[in-house]
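Descriptive analysis of the structure
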Amino acid sequence: MTAAGGAAEAAGVLLEELRRDDLERVMAIEQASFERPWSRDSFLREFDLAFSRTLVARSAGVVVGYVCRWRLEDEIQILNVAVAPEMRRHGVGRALVEAVLREANDDRLDVSLEVAVGNDAAVRLYQALGFAVAGARPDFYGRGRHARTMRRAGGGGCGRESP
């Protein structure tokens, strides 16, 4: 499946489902992006989970970013978003997250994620997309490395909508 439009067009990327032959490039982006990167096996396991979906962003045919999400019964959880260093601040991350939000909006599902305390650029992006800080996860990324939990209500609001 190919997702397009909005931020993807503006960033000049094409969004597609992750393929096994994308893993080498995805691992390079993962390792350049995180102190404690996912393993190749972690990404491989996602292929076997019916509720998991990973989209990649391609520019000129090359993977330049990805988003991994789980679609659960009543919400979508964004597990991992990363963009190649040379493509950061060009709208690729926004395009990837917006693709997940379009899916959530179609079924009025809440979306949640964790973001490292100190990752101010990501927090600003998520807030611009309608996420609000919902809590904290001490030591989420390892001892002394905390996360904020952020949430976006189904339909695009920041808080839970009343019936």
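Remember, it's a predicted structure, so these values are computed and weren't measured experimentally. (Residues numbered from 1 in each chain as written. Predicted model: local features only at pLDDT ≥ 70, side-chain atom pairs only at ≥ 80, totals over all residues. Heavy atoms only, no water.)

1. Side note on the overall build of the protein chain
Tallying secondary structure elements over the protein chain gives five helices and eight strands in all. In the protein chain, which comprises 163 residues, the share counted as buried stands at 45%. If you take every contact in the protein chain between residues at least 6 apart in sequence, the share linking residues at least 24 apart comes to 59%. Here the protein chain displays about 8,700 Å² of accessible surface, and carbon together with sulfur accounts for 48% of that area. (Helix = DSSP H or I, 4+ residues; strand = E, 2+ residues; numbered from the N terminus. Buried < 20%, exposed > 50% of the residue type's maximum accessible area, 1.4 Å probe, protein only. Contact = heavy atoms within 4.5 Å. Areas by Shrake-Rupley, 256 points an atom, 1.4 Å probe, with all protein chains shown as cover.)

2. Here we look at the confidence of the model for the protein chain
For the protein chain, the mean per-residue pLDDT works out to 89, and 88% of the residues sit at or above 70. Of the regions scoring below 50 in pLDDT, residues 157–163 engages in 14 contacts with residues more than four places distant in sequence or in other chains. (pLDDT = per-residue confidence, 0-100.)

3. What about the packing of helix α2 (residues 23–33) against helix α3 (residues 40–47)?
Across the interface, α2 lies against α3 with an axial gap of 10 Å and an inter-helix angle of 130 degrees. Taken together, the axes of α2 and α3 lie oblique to each other. Crossing of α2 against α3: the hand is right-handed. For the pair α2 and α3, contact is made by Leu-23, Glu-24, Val-26, Met-27 and Glu-30 and by Arg-40, Phe-43, Leu-44 and Phe-47, respectively. Of the residues contributing to the contact of α2 with α3, the split by class is six nonpolar, no polar and three charged. (Axes fitted to C-alpha atoms, helices over the stretch in contact; angles between N-to-C directions. Parallel < 35°, antiparallel > 145°, perpendicular 65-115°, else oblique. Left-handed = near helix turned anticlockwise from the far one by under 90°. Nonpolar A, V, L, I, M, F, W, Y, C, P; charged D, E, K, R; others polar.)

4. A look at the nonpolar core
Core analysis: the largest hydrophobic core is formed by 30 residues, its most contacted members being Ile-78, Val-92, Leu-96, Val-97, Tyr-126 and Phe-131. Elements with a minimum of two residues in this core: β3 (52–59), β4 (62–71), β5 (75–83), α4 (92–107), β6 (110–116) and α5 (120–128). When residues of this core are assigned to their parent elements, the largest contribution, eight residues, is made by α4. In terms of nonpolar packing, the next biggest core, distinct from the first, is built from eleven residues, Leu-18, Phe-43, Val-56 and Ala-82 among them. (Core = buried A, V, L, I, M, F, W, Y, C linked by side-chain atoms within 4.5 Å.)

5. Side note on the side chain of Arg-53
If you trace the backbone, Arg-53 turns up in strand β3. Side-chain polar atoms of Arg-53 contact the side chain of Glu-17, separated by 2.7 Å. (Polar contact = N/O pair within 3.5 Å; in protein donor to acceptor, adjacent residues only side chain to side chain.)

6. Side note on α5
Where α5 is concerned, the buried positions are Ala-122, Val-123, Leu-125 and Tyr-126. Along α5, the residues classed as buried sweep out an arc of 160 degrees about the axis, all on the same side. Structural note: α5 exposes Arg-124 and Ala-128 on the side pointing more than 90 degrees away from its buried face. Buried positions along α5 lie against β5, α4, β6 and β8 (147–152). Gly-130 sits one or two positions beyond α5 and adopts a positive phi of about 100 degrees. (Arc of directions from axis to C-beta.)

7. Re the pattern of salt bridges
Evaluation of the coordinates by the stated rule reveals 15 salt bridges. Note that Arg-151 and Asp-110 form a salt bridge whose closest N and O atoms lie 3.6 Å from each other. On the criterion of sequence distance, the pair formed by Arg-151 in strand β8 and Asp-110 in strand β6 is long-range, its members being 41 residues apart. Classification of Arg-151 as partly exposed rests on a relative accessible area of 23%. Put simply, Glu-17, Arg-53, Arg-69, Arg-71, Glu-103 and Asp-107 are held in one network by salt bridges that share partners. (Salt bridge = Lys/Arg side-chain N within 4 Å of Asp/Glu carboxyl O.)

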